[in-house]
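Residues per chain, in single letters:
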Amino acid sequence: MADDTAGNPDGEIGDETFERVRDAVMSWLEVGPRDAGDLAEQLVDSGLYTPTGDHDADVDGAWDLVDEIVTTSDDTWVRDDDMVVSITARLAEGVVFTHRLSAEEIASGEVVESPNLAVLEWNAYDELRLRGGGRLRTGPAESTDPDRPWGPTVVWGPPGWLDGFEPGDLIAFDRVDIDVDVYPVEALGDGAAEVDALREYATGWVGDGRGSEETPIVMEAIAHDELLFSQPVPPVGELLEAAGLERRGHEWGWADELWSTVQERRDLNEAYTMSSYGFDTCCTRALERVRAAFEELQFREGEGGDVDLAAVARDLGHGDVARAFVNLQRGYAPAIVEFADTIAAAGGRNSANAHALAGLAHRWTGNALDAEAAFGRALGKDPACAVAAGELAELAADRGDISRAHALAVRDDDDEARVDWLAGERDRRAGLRPRAGRNEPCPCGSGRKFKQCCGRGGAPSLLDRMPFVQGRIVRFATHPDHEVGVFTLAVTAVGASGDVALDGLDRFRDDGFVIDVAVHEGGLALAYLAERGDLLPDDERRLVVSILDEPRRLWEITEVRPGEALVLRDTATGETVDVAERSGTEGREAGELVMLRVVHVGDDSVMAGVPIIVPLGERERVLALLEATPDAATFAEWYGSLYRLPTLTNREGHDMVLCRTELETDEEPGAVALAFDALFTRDGEETTWHESVDVGGETVIGGTIRLDGTSLVVESNSEERQDRLVSMFEEILDAWVVDDERQPAMEAVARRRADGAAEGTGDASGADGAPSGLIAPEDAPPEIREALLAYIEDHERRWVDEPIPALGGSTPREALDDPTRREDLFALLRDMRRRERAQGAGGVAMSADRIEALLGIDVGS
């Protein structure tokens, strides 16, 4: 076939051949929908695509070509779930969409396109014809809003095309090929099949906090079942709502989930970016001026003659304006480089800022070498250009030149953390070298003098460089340019924890494990390689790839050699590995479970990333999690769930909520006191009473009532009790509520613990930063301190006779009598004791001693 593909290992073809291949693919699709892989096979088998002669390689290349042909044109639709390709015109045969007319639409002759008619013009553009004569056209309506020059997209026809219709009429748009018939609906189907299909196929476009316009959802449904919308059914918008979706702006999302539109995410990203860079009003104004100049020069075709290039160059040097601008316009990186070159051409010292801008744009597109050169040009123009010096310091660190990186970082006085980080790495490496006098024998054992051997320095080993490699990636991930990935996972984790307060979000955003998930499963390490890979030594690049290839696994610590190593056993496979580890051995015990990656560097096995101690009670859940190869969001959700506080209940089975309600009454205080004496029990004080409640034959206090003149204060530990008492007083005393406060008991505990931690009097987490699940009595409000103890002890009594996943489904009593499970029980009790020790004296948590007593285990043995 074509000469321009023969022998070309990359499979690149010319425009003429591309058109011939495209025509062939379209002709094959005329027969009916085809799998994209089958089309690629046919391209190779027919001889239309023969770049290498290796059939498997040819099919891969042909598949990429088919993908380009079918995804870059509205003439075809590719199903999201199975890559089956259809000709759009065939899908449009016989489709009928309905719309309820408004008075405004009839008066203007313009029908709002979205959501009901969005698919009507798919692939036809302005070619649709009315069967009665004339064309149907689409375009934006005029707007009366000065901030929005255009209104919504509308469909209009020839003059009078909507004559005869009334407001509220349901009309049908019946399309065959490019001809459309518009008529009033007389018989309307229920649309049940359409609702089911829209609900099913929306999952490919909607979810995970994101929405979608209606067009791909409807097209996906029709592509799977061409009989859908073949007769009039309710309008698309109504069907989507019936399918469980809600509309916001131009997009649809699941009504029962939190989600955001593209514009909302853009607005959030902009606000977050400016916050991350610490923008003040002056920074925001400078950024706005730069963006306005960019639009003038790039998008208005020659209308940017009035742009003051020197002023733009000055604005780019204002704080982090250049970094924020590139971050927010990252999709236009090539245009930003052109913009920067235009500004730099104006010359002057401030042109250094333009070169730095070009470097930032190159870095975003993964052109690290071009970025390095641009930053170098910026420093050549102005050695004090802080942005260029700081960015070049990062790139020098990637090359492994710590001394140069530190010298450059010192010039950027806006990032003292970078200076400290590089100084710390320089000192760490110096500490790795053997120490001896110049003429003494080298400590490495070579037999040579120190000055002739290790005293000369030289590059540290890959194992010695590994912490710095991982540290660079973490810096990359937590930089404002990329931190949105960490922020998204923090939002997921905080949602799973139930602590949706801002301090909860901040805790997870700074959490080492969440950042580690963003780096590995979240793709930020891959982004680092794409951007900086050309600068890295080959062995460091291979190291990062090997870490990414190694999954997290759940290990049991079987031996601890303090300051030296941990011996780990894979709980899924039984594989044992000796992991070289110094500081990570501190505080660890045999029998603990730890989730981490283990990679091989030379002859050593080492930990990679952030390890996390896993409670034994989570063992089965974590094994199931890892077996499912979870994505970043799933890991974040699991991790956040570890922090979810338990729900406490009172003796009546109500959720414990601390309630306080203040009421006023016009009744005479003495009469109220007499009434209360008849209804409640005085606690010995003149104006305080307790409500007594019978629970299983035992009397418990249901609430406390205090009387102060005409004011009543009612307190209880459940909303049910509180509502009962308040309703009683509203009725018998004609009282009215003036203040009402309610807070879940465990939320009150969490808040007190967080406040204590902020004041240095408490700790909201256990050892290693993992959630402890333990509550000190002094942290608990007095109202629930006793309830906490009773709750835990009651739980322990039930726990010893309940199936426990960590014991393979056996109860603790059964495990004690089962030789195959006894050691698991003892490991669980050791884990319990470790957590008690982490909490300290007075902790309210499950007690290993109490459990052993319930099981009849001799505590002293």
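Residues numbered from 1 in each chain as written. Predicted model: local features only at pLDDT ≥ 70, side-chain atom pairs only at ≥ 80, totals over all residues. Heavy atoms only, no water.

Draft legend 1. Here's a closer look at the overall build of the chain. When helices and strands are counted, the chain shows 33 helices and 23 strands. Accessible surface, the chain as shown: approximately 41500 Å² in total, 48% of it carbon and sulfur. (Helix = DSSP H or I, 4+ residues; strand = E, 2+ residues; numbered from the N terminus. Areas by Shrake-Rupley, 256 points an atom, 1.4 Å probe, with all protein chains shown as cover.)

Draft legend 2. Broad picture of helix H12 (residues 321-328). In terms of burial, H12 is largely enclosed, as 8 of its 8 residues are buried. Turning to H12, its buried residues number three or more, namely Val321, Ala322, Arg323, Ala324, Phe325, Val326, Asn327 and Leu328. (Buried < 20%, exposed > 50% of the residue type's maximum accessible area, 1.4 Å probe, protein only.)

Draft legend 3. Expanded view of the pairing of strand E15 (residues 576-580). The two faces of E15 differ: Val577 and Val579 on one face are buried, but Thr576, Asp578 and Ala580 on the other face are not. Here strand E14 (residues 565-570) pairs with E15 via 5 bridges, running antiparallel. Bridging across to E15, Val567 finds its partner in Asp578. What sits between E14 and E15 in their antiparallel hairpin is a turn of 5 residues, with Gly574 showing a positive phi close to 85°. (Pairing = 2+ DSSP bridges.)

Draft legend 4. Structural context of the packing of helix H11 (residues 309-316) against helix H13 (residues 333-344). Where H11 meets H13, the axes come as close as 9 Å, and the angle between the chain directions of the two elements is 115°. Helix-helix and strand crossings are classified by hand; for H11 and H13 the assignment is left-handed. Where H11 abuts H13, its residues Leu309, Val312, Ala313 and Leu316 lie against Phe339, Thr342 and Ile343. Looking at the contact of H11 with H13, its residues break down into 6 nonpolar, 1 polar and no charged. (Axes fitted to C-alpha atoms, helices over the stretch in contact; angles between N-to-C directions. Left-handed = near helix turned anticlockwise from the far one by under 90°. Contact = heavy atoms within 4.5 Å. Nonpolar A, V, L, I, M, F, W, Y, C, P; charged D, E, K, R; others polar.)

Draft legend 5. Looking closely at a negative patch on the surface. Together, Asp208, Asp256, Glu257 and Asp631 make up a negatively charged patch on the protein surface. The residue Glu257 is located in the loop between strand E12 (251-254) and helix H9 (262-276) in this model. (Patch = residues over 30% accessible without salt bridge, like charges linked within 9 Å, V, L, I, M, F, W, Y side chains within 5 Å. Salt bridge = Lys/Arg side-chain N within 4 Å of Asp/Glu carboxyl O. Lys, Arg positive; Asp, Glu negative; His and termini not counted. Charge placed at Lys NZ, Arg CZ, Asp CG, Glu CD.)

Draft legend 6. Molecular detail of the side chain of Glu581. Tracing the chain through its elements places Glu581 in the loop between E15 and strand E16 (593-601). Those residues in contact with Glu581 that sit more than four places away from it in its chain are Gly563, Glu564, Ala565 and Met607.

Draft legend 7. How the structure looks around the sheet that holds strand E9 (residues 170-176). With respect to topology, 4 strands assemble into an open sheet ordered E4-E9-E10-E6, the strand pairing being mixed. The open sheet has two free edges, formed respectively by strand E4 (95-100) and strand E6 (129-130), since each of these has just one partner strand.

Draft legend 8. Representation of the environment of Pro669 in the model. When you line up the elements, Pro669 lands in helix H27 (residues 669-679). We classify Pro669 as partly exposed; its relative accessible area is 31%. As for Pro669 and Leu707, which are separated by 38 residues in sequence, their C-alpha atoms are 7.9 Å apart. Apart from the residues lying within four places of it in its own chain, the contact partners of Pro669 are Leu707 and Gly709.

Draft legend 9. Just the packing of aromatic side chains, in detail. Under the definition given, this model contains 20 aromatic pairs. Aromatic pair Trp161 and Phe173: ring centres 6.3 Å apart, planes at 65°, arrangement edge-to-face. With Trp161 in the loop between strand E8 (150-156) and E9 and Phe173 in strand E9, this residue pair connects regions lying 12 residues apart in the sequence. On the accessibility criterion, Trp161 (12% relative accessible area) is buried. By relative accessible area, Phe173 is classed as buried at 0%. Both rings, one in Phe513 and one in Trp638, keep their centres 6.3 Å apart while their planes meet at 70°; by these two values the pair is edge-to-face. A residue pair is termed long-range when its members are at least 10 positions apart, and Phe513 in helix H22 (residues 512-519) and Trp638 in helix H26 (residues 632-641) qualify at 125 residues. Trp638 matches Phe513 in its accessibility class, with the two residues each being buried. (Phe/Tyr/Trp six-rings, centres within 6.5 Å; stacked < 30°, edge-to-face > 60°.)

Draft legend 10. Region of the structure containing unusual backbone geometry. Residue Pro115 is bonded to the preceding Ser114 through a cis peptide linkage, with omega at 5°. Residue placement: Pro115 occurs in the loop between strand E5 (110-112) and E6. The phi dihedral of Thr629 is positive, around 45°, even though this residue is not glycine. As for its placement among the helices and strands, Thr629 is situated in the loop between helix H25 (619-627) and H26. Overall, Thr629 belongs to the exposed group, its relative accessible area being 66%.

Draft legend 11. The sheet that holds strand E1 (residues 34-35), seen in detail. Strand order in the open sheet made by the 3 strands is E1-E3-E2, with antiparallel pairing throughout. Single-partner strands in this sheet number two, and they are E1 and strand E2 (76-78). Taken together, the 2 bridges between E1 and strand E3 (residues 84-87) define a ladder with antiparallel strand orientation. Considered in E3, the bridge of Arg34 is made with Val85. Seen against the sheet, helix H1 (residues 15-29) touches E1, E2 and E3 and runs at an angle of roughly 90° to E3.

Draft legend 12. Here's a closer look at the confidence of the model for the chain. Overall, the prediction assigns the chain a mean pLDDT of 82, with 84% of residues at 70 or greater. Residue range residues 1-11 is modelled with pLDDT below 50. Its contacts to residues more than four positions away, or to other chains, number 26 contacts. Below pLDDT 50 for its whole length, residues 756-783 participates in 58 contacts with residues either more than four positions away or in separate chains. (pLDDT = per-residue confidence, 0-100.)

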